[in-house]
Amino acid sequence: MWLTSKIKQLLMAAKPGVVTLKYPFEPRPVPENFRGAPHWDHTKCVGCAGCAEHCPARTIMVRDLCQEIRVLLYDGSRCTYCGRCADVCPEKAITMTGRFEQATDDPNDVTETLELFMLTCQRCGRCYDMETRNAIDKLGLTGYRYDSLEARTVLRRATDTFRPAELGKTERYERPASTGE
Amino acid sequence: MLAKLAKKCFPRSLWVYHCNSGACNGCDIEILNILTPYYDVERFGIRLVGSPRHADVMLLSGAVTRPTLPLVKKAWAAMPAPKLVFGIGSCATGGGCWFDTYNVTGGGAAAVPVNYYIPGCPPRPEAIVYGVALALGLVDKKAAPVELKQVEFPIDMYERNKAWEERNVIYEVLNS
């Protein structure tokens, strides 16, 4: 009697076959519309910092080194991949990639740093956005003034144009992902 | 280096202890998911045990809340050395949305030394399997910090300093 039940069990187990995925040894594609780690396209980003304003976990930090350099630091360690940054981006510079293999022993590995060039008006020295604000609001705005004297020396004085050749040189300025240890 | 050390310290099976420190059960369900036949982690010899005294690895999920902080520390102290701690989910990695809330210590690293971080909200079961395989040295690390720049700046301060130095060189040559 017990033998027939065992045979029955074996048949039941053999019916679906082996379902275990060979995952770490074989790649496993993500489904469509999967939200993995966000990725910034620095050629499209205008530095409005809307993503930093809307991030629920406040993973994106903005710092103005001087009037023309704005640094965006994305700290992915507490990112919940909600995709709100990609939603609010006016230039569609943020894409939610399918990267999910973010396991690491150092939380600095999931960061992303952007150095943005904030083009300023040569006459008034302010950025081209924030046209809806009045003059008093602009005066109180942090980051659109000379924040420190040390950073002020970095400023360019000449009326240089935004040369496309120079931009093309640094188009894919990205550190290659290191493999292994 | 940590992977090599883990391979040396844990040559056989890893027995994991699942420690929920105020998680929303999202990560916990994913941890249970990797124990199912679909993502069978017993391939790597991983077993879930009920007591930290039997465990080699603590799977820490959830931002460590203030009531659970002493309990997490106690559970960590009860584990026999050598021990590893996996922070699973965004909460255990960096505190999640609640990283600066009054009732949260801000991630597992504030309570116990976390060896491996697996971000995600919740992480896919594959991501947890990948993290475990990373600790066992089966796969390579893929995450790396990314630095992006729009333009290389011609820093005229540098150029000015250089010009100033070159100007002084003439005086040095004249004086010598």
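Keep in mind that this is a model prediction, so the values were computed, not measured.

Trainee: Whenever I open this one, the pairing of strand β3 (residues 69-75) of chain A confuses me. Can you help?
Mentor: For a regular strand, side-chain orientation follows a simple rule: the groups alternate between the two sheet faces. Residue and element names in this part refer to chain A. Buried residues dominate β3, accounting for six of its seven residues. Two strands pair when backbone bridges link them, and strand β2 (residues 60-64) and β3 are joined in this way by five bridges, in the antiparallel orientation. When the bridges of β3 are listed, D64 appears paired with R70. Sheet analysis places β3 next to strand β5 (residues 111-117), joined by seven bridges and oriented antiparallel. Bridged to D75 within β5 is T111.

Trainee: Teacher, can you tell me more about the side chain of T104(A) here?
Mentor: Secondary-structure assignment places T104(A) in the loop between β4 (94-96) and β5. With relative accessibility at 1%, the residue T104(A) sits in the buried group. Polar contacts involving the side chain of T104(A) include one to the side chain of D109(A), which spans 2.8 Å. Look past the residues within four positions of T104(A) in its chain and what remains in contact with it is D109(A), N115(B), Y116(B), Y117(B), L134(B), K141(B) and A143(B).

Trainee: Explain the sheet that holds strand β2 (residues 47-49) of chain B to me, please; I cannot follow it from the model alone.
Mentor: Within a beta sheet, neighbouring strands are joined by backbone hydrogen bonds and run either parallel or antiparallel to one another. All names here are of chain B. Spatially, the five strands line up as an open sheet ordered β2-β1-β3-β4-β5, and their pairing is parallel. Strands with a single pairing partner mark the edges of an open sheet, and in this sheet they are β2 and β5 (116-118). Across this sheet, the average inter-strand angle for adjacent strands is 30°, counted without regard to direction. The sheet contact formed by strand β1 (residues 15-20) and strand β3 (residues 57-61) spans five bridges and is parallel. Its bridge partner being in β3, Y17 is matched across the sheet by M58. The strands touched by helix α3 (residues 69-78) within the sheet are β1, β3 and β4 (84-88), with β3 carrying the most contacts at an inclination of about 165°.

About the cut-offs
Residues numbered from 1 in each chain as written. Chains lettered and ligands numbered in written order. Predicted model: local features only at pLDDT ≥ 70, side-chain atom pairs only at ≥ 80, totals over all residues. Heavy atoms only, no water. Buried < 20%, exposed > 50% of the residue type's maximum accessible area, 1.4 Å probe, protein only. Helix = DSSP H or I, 4+ residues; strand = E, 2+ residues; numbered from the N terminus. Pairing = 2+ DSSP bridges. Polar contact = N/O pair within 3.5 Å; in protein donor to acceptor, adjacent residues only side chain to side chain. Contact = heavy atoms within 4.5 Å. Axes fitted to C-alpha atoms, helices over the stretch in contact; angles between N-to-C directions.

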